[in-house]
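Residue-level structure breakdown
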Amino acid sequence: MNSQSQNTTTKTCDPECTKPSCFFCSMKEPDPSNQKVKIIRALLDLPFSHDQEHVLVLSSLWNIAMENPNDPEFPSLGIFECMAKLIHKGLNDKEWLLTDQNIYIPYYAAHIIGSYAMNIVEFAEEAVKSGVVLPLLELMRGEITWVEQRVAVRALVHIAGHDKVFEEAFSANEFEIVELAMEIALTGPKEVYDKFAELERTERLKYHCNLVTSGVDGGLEIENRKAEEWASQLQCWSLSLLHSFARREKSLNLICKKEFLVKLCVMWGGLENQTSPAGIGLLRTLCQTKFGRQSVANSEEVVGELCNLSRSSDDWQIMAIDSLLLLLKDPETRYKVMEKSVVFLVDLVELRSCGGRPKVGDTIAQTLLIDYHKIKYGNLKVESKNAEIALEEIWDLKVDRKRRERLMFEQEVRKKKSMVKELKQRGNESFQSGNLEKAVLEYSEAMDLCPLKIRNERIVLHSNRAQCFLLLKKPDAVISDTTRALCLSSSMSPHGKSLWRRSQAYDMKGLAKESLIDCLAFVNERLKSKEPKTEKIPSYAAHMYIKQMNRTWLFAPATSRTFNMHEDLLELHERCRPTIVEETFDEKRWRKVERERRKKDINLSERVGRLKIG
């Protein structure tokens, strides 16, 4: 199948066409009333005729649906019933499916249904009445291949987005659809890898190659890249379908199985689906329900993952924070998660904004301190000493210290600033001399004295102490200090050194995703800088990027193969390992290495050029 066959503008009917229900002749009919009648007849006849041009008709309708999904013309003329019958025919008549290019038809048909059902509730109603759900469910079961499965799930998601038709569409098959969506979310990427990405190019189904490259021969690189993108979409669409059930509190007992919730935490959407909230979006929706909150609170692993994400540069950091706050506000789950979450959230109480929402830190502090008076003056006990210390620190930072500093005279403020400057200098000297423990004490003393409103000085103190902890191999302390520094800095221009130090700390703890995202944010800040010395990507950041991309690659769980695509880059990193003086890596050299590696194998780092890091 070539690109021409997918372009509606290139197909015209034969001037001598004698077919009584030719779709292309119908589209050329000048009289609007006659045109509608002819299109209706063409759509009615399409599933029952045997014509080599069927795939041309479907690809044309696909283009029309993609370009004008809100146009009522075809939905009003019977397109849903036609597409449902074509899918059904492909499922039940294998001989027909494998004739000519009919193998493309179920894919296009499901895509057309999803596009028209996407925005207009009346179209979705017509689709359900036309019987599209059962054929789509058959494709979702994997009756053909993962390619058709992907667009079937997409179509079902768009239908499920309309409250008016949800019950009618899904009540009869609710449990099966939910279980299938869970299974696809878990195994979809592996299926795409096993059935496409892992295969030699000559072994791949030709129509799969044509579809992922839109009919244009883009070579192995394009096919592999698109396969990863489609695998990510398959997983994300499945999670979106589960979200439709969860927000209506349907099948929560299935979705909230502990094993699935734990695996949800690592379904982060990937770099190919930057707008998808992925697993964390579903977790937040579950936390909006009583049953969901109880299920999440009962899993220490899930709560731990939410805590890690709450202190990251991930775009969906706010969703993790929301989830934890929902758990903390529920009296039945508050104390199940309090002792674990407070030691993470204490670092966020000065967060000014997140996800476009102002004063997030104040909201966190208020939630954590709801019944602190009972702990401080009453009989309420906190079993964890670390949690008790964290609560005391929040109370001091947000209440007592603010009150004290509000009453300070200007002369006292100046004196404290002078003392802070001196302590910081002493800390720097201790650090340079290698006395890290002493430097930590001096930076800590300076922080205790530093007035809260002197944010820039506090950022530097936290970041400097974090560097000491990094060299002392105390990653938890590094993450705490760098997170506080980042909360104090601007969300539009986060503190670069803190990002890099936290990326290293997450790497120490084996948290590859969090490390990768901080590394990308650090590189982004470097590339935005107008200073000449920061125009290049540091070699150590390039090394970290490659390492974590290989570990977080969507197909990584599906294979035990080691993808070290950048031996030259790694060797270069070892030769010019940075010391105190920052050494930079020539971006042109990096790109040259990448081009060479692309010729040899699946190229993971090709995604660098598509990431929004500049």
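Above this note sits the structure.
A quick note: this is a predicted structure, and the numbers were derived from the prediction, not measured. (Residues numbered from 1 in each chain as written. Predicted model: local features only at pLDDT ≥ 70, side-chain atom pairs only at ≥ 80, totals over all residues. Heavy atoms only, no water.)

**Here's the deal with the overall build of the chain**
- Within the chain one finds 33 helices and four strands.
- Looking at the 614 residues of the chain, the share that counts as buried comes to 55%.
- Relative to all contacts within the chain whose residues are 6 or more apart in sequence, the contacts with residues 24 or more apart total 71%.
- A total of about 28,800 Å² of accessible surface is found on the chain, and carbon and sulfur atoms cover 49% of it. (Helix = DSSP H or I, 4+ residues; strand = E, 2+ residues; numbered from the N terminus. Buried < 20%, exposed > 50% of the residue type's maximum accessible area, 1.4 Å probe, protein only. Contact = heavy atoms within 4.5 Å. Areas by Shrake-Rupley, 256 points an atom, 1.4 Å probe, with all protein chains shown as cover.)

**Comments concerning the packing of helix H5 (residues 79-92) against helix H7 (residues 105-117)**
- Packing of H5 against H7 leaves a shortest axis separation of 9 Å and a crossing angle of 150 degrees. Classified by the interaxial angle, the pair formed by H5 and H7 is roughly antiparallel. In this structure, H5 crosses over H7, and the sense of that crossing is left-handed. Between H5 and H7, the contacting residues are Ile79, Phe80, Met83, Ala84, Leu86 and Ile87 on the first element and Ile105, Pro106, Ala109, Ala110, Ile112, Ile113 and Tyr116 on the second.
- Classifying every residue of the contact of H5 with H7 gives 13 nonpolar, no polar and no charged. (Axes fitted to C-alpha atoms, helices over the stretch in contact; angles between N-to-C directions. Parallel < 35°, antiparallel > 145°, perpendicular 65-115°, else oblique. Left-handed = near helix turned anticlockwise from the far one by under 90°. Nonpolar A, V, L, I, M, F, W, Y, C, P; charged D, E, K, R; others polar.)

**Observations regarding the nonpolar core**
- The biggest cluster of nonpolar side chains holds 145 residues, and the ones touching the most others in it are Met83, Leu136, Met140, Leu241, Leu283 and Leu286.
- Examining the composition of this core, we find that 11 residues originate from one element, helix H12 (residues 174-197), more than from any other.
- Per-domain counts for this core show at least three residues from each of domain 1 (279-407) and domain 2 (408-555 + 575-588).
- Excluding residues that lie within four positions of it along the chain, Leu136 makes contacts with Ile87, Ala110, Ile113, Ala152, Ala155, Leu156 and Ile159.
- Core analysis: the second largest hydrophobic core is formed by 20 residues, Leu423, Val440, Leu470 and Ala505 among them. (Core = buried A, V, L, I, M, F, W, Y, C linked by side-chain atoms within 4.5 Å. Domains from an automatic or database assignment.)

**Remarks on the packing of aromatic side chains**
- Here the structure, examined in full by the defined rule, presents 21 aromatic pairs.
- Seen in terms of ring centroids, Phe170 and Phe245 are 5.8 Å apart; in terms of plane orientation they differ by 65 degrees. Their pairing is edge-to-face. Of this pair, Phe170 sits in helix H11 (residues 163-170) while Phe245 sits in helix H14 (residues 219-246), and the two are 75 residues apart along the sequence.
- By relative accessible area, which is 0% here, Phe170 ends up buried.
- With a relative accessible area of 1%, Phe245 lands in the buried category.
- A network of ring pairs unites the aromatic residues Trp62, Tyr104, Tyr107, Tyr108, Trp146, Phe196, Tyr207 and Trp230 as a single cluster.
- Just above the ring of Phe166 sits the side chain of Arg248; from NZ or CZ to the centre is 3.9 Å. (Phe/Tyr/Trp six-rings, centres within 6.5 Å; stacked < 30°, edge-to-face > 60°. Lys NZ or Arg CZ within 6 Å of the ring centre and 35° of its normal.)

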